[in-house]
Amino acid sequence: FRTDVASVTPWLAPIVWEGTFDSTLIDSIYKQQNITIATTVFALGKYTRFLKDFLESAEEHYFVGFRVHYHLFTDQAEEVPNVKLGQERYLTVKKVPSMNRWQDISMSRMEILEKLIENELASEADYIFCLDVDTKFYGRWGVESLGRLVGVIHPWFFNVPRFIFTYERRPESQAYIPAGEGDYYFTGAAFGGSLEDVHHLTKTCREQMNIDIANSIEAIWHEESHLNKYFLYNKPSKLLSPEYLWRDISMSSGQVKIIRLSHVAKNNAEVRPN
Ligand code: 2GW
Ligand code: MN
């Protein structure tokens, strides 16, 4: 029970913080269901260097004791490290073409996820999470995170007024959110939910980005802007606190008692092609 943070949204979706759930109890509830969590991650170009820490730390902290199927998309399958996976943990590597613009890598994830859910996941997974690869787990990320449609509050924007949110502000973009609207600012680095809901999310974002391309406009934060627009009109059924995607392990905040997943500090000049 927490009094220092909000643990419910104005539309009555829970916001998951440490201290708001009983991990032993919630594990035992979900253990009775035979669930599989599909997890997608993209590692193109130099971003394959993040895979080892990402996968090894996920094996230690992410849905431990549950069936997880990683779907890893890369343009360099030979760079995928050999990480020892636990029981009922699976990894499928899928080749994708290299891309020149990083914005295209980031945005193309929506269409690839849409097709993955359509073509492959229906018979093999119950839930899906889509995660940035330049991250590492430090604490439990478990079944408390499951829901129909799940967004993660961006670690830079969890205790700031909404006029600070970096939504797309140009009406010409499909990601446009007018001043005074919007409840939270969500990260593009982690989202998930049921296959059906995440399929609808990825399909909608892909369609909206295609309209933007046709109109020669690119949203300020790419697919993250479209994700925020989507969540404004399709409210997430559960929100995860910034514990579920922190900005940097060396930074602290009174409200974040445990860092579960964090962006790793990266040298942009070194890993970004252009
Ligand atoms: C290359 C140059 C510049 C930026 C990204 C990349 C790049 C990204 C790459 O060479 N290879 C690659 O696999 N990626 C994938 O895209 C990888 O999975 C990575 O985690 C993801 C997003 O890029 P990233 O992590 O560099 O961007 P962030 O952490 O600054 O991202 C936020 O904003 C993005 C949109 O601008 C996305 O919404 C992202 O989800 C957000 O966290
Ligand atoms: Mn990232």
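Here the structure is a predicted model, which means the values were calculated and not measured. (Residues numbered from 1 in each chain as written. Chains lettered and ligands numbered in written order. Predicted model: local features only at pLDDT ≥ 70, side-chain atom pairs only at ≥ 80, totals over all residues. Heavy atoms only, no water.)

Sorry, what's going on with the overall build of the protein chain here?
Each helix and strand in the protein chain was counted, giving six helices and 10 strands. Residues classed as buried in the protein chain amount to 54% of the 274 residues present. For the protein chain, the share of sequence-separated contacts (at least 6 apart) that also reach a separation of at least 24 residues comes to 75%. In the protein chain, 29 positive and 36 negative side-chain charges are present, and the distance between their average locations comes to 2 Å. (Helix = DSSP H or I, 4+ residues; strand = E, 2+ residues; numbered from the N terminus. Buried < 20%, exposed > 50% of the residue type's maximum accessible area, 1.4 Å probe, protein only. Contact = heavy atoms within 4.5 Å. Lys, Arg positive; Asp, Glu negative; His and termini not counted. Charge placed at Lys NZ, Arg CZ, Asp CG, Glu CD.)

How should the coordination of the manganese ion (ligand 2) be read in this particular structure?
For a metal with four donors in a tetrahedral arrangement, the ideal angle between donors is 109.5 degrees, while six donors in an octahedron ideally sit at 90 or 180 degrees. Ligation of the manganese ion (ligand 2) by protein atoms is provided by D132 (OD), D134 (OD), D134 (OD) and H263 (NE2), these donors lying 2.1 to 2.5 Å from the ion. Taken together, the six donor atoms coordinating the manganese ion (ligand 2) span angles of 54 to 167° at the metal, a pattern that classifies the geometry as irregular. Linear spacing of the donor residues for the manganese ion (ligand 2) on their chain is D-x1-D-x128-H. Within this pair, whereas D132 is found in the loop between β5 (127-131) and β6 (135-137), its partner H263 is found in strand β10 (residues 261-263), the two being separated by 131 residues in sequence. Judged by its relative accessible area of 14%, D132 falls in the buried class. (Donors = N, O, S within 2.8 Å, 3.2 Å for Na, K, Ca; no water. Tetrahedral: all angles 85-135°; square planar, octahedral: opposite > 155°, others 65-115°.)

Would you take a moment to explain the environment of S123 for this structure?
Structurally, S123 can be placed in the loop between α3 (102-121) and β5. Note on S123: relative accessible area 74%, which makes it exposed. Residues S123 and F21, 102 residues apart in the sequence, show an inter-C-alpha distance of 30 Å.

Would you explain the environment of Y30 in this entry?
As for its placement among the helices and strands, Y30 is situated in helix α1 (residues 23-31). Note on Y30: relative accessible area 14%, which makes it buried. For the pair Y30 and F1, spaced 29 residues apart in sequence, the C-alpha to C-alpha distance is 21 Å. For Y30, the residues in contact, after removing those within four places along its chain, are I35, F66, Y127, V143 and L146.

I tried to follow the nonpolar core on my own but got confused; where do I start?
If you look at the biggest cluster of nonpolar residues, it comprises 39 residues, and the most contacted ones within it are I37, Y62, F63, F129, L131, W141 and L146. Taken together, the elements giving at least two residues each to this core come down to α1, β2 (36-43), α2 (51-61), β3 (67-74), β5, β7 (149-153) and β8 (186-194). The element best represented in this core is α2, accounting for four residues. Excluding anything up to four places from it in sequence, Y62 contacts I37, T39, S57, V68, R89, F129, L131, F137 and W141. The next biggest cluster of nonpolar side chains, apart from the first, holds 36 residues, and it includes A13, F158, F191 and L227. (Core = buried A, V, L, I, M, F, W, Y, C linked by side-chain atoms within 4.5 Å.)

What is the right way to read the side chain of T48 from this model?
Along the chain, T48 turns up in the loop between β2 and α2. T48 sits in the buried class, given a relative accessible area of 10%. If we skip the residues at most four places from it in the chain, T48 touches A43, T74, Q76 and E79.

How should the side chain of E114 be read in this particular structure?
Within the fold, E114 resides in helix α3. Engagement of the side chain of E114 in a polar contact is seen with the side chain of R206, the distance being 2.7 Å. The residues touching E114, leaving out its near neighbours within four places in the chain, are H199, T202, K203 and R206. (Polar contact = N/O pair within 3.5 Å; in protein donor to acceptor, adjacent residues only side chain to side chain.)

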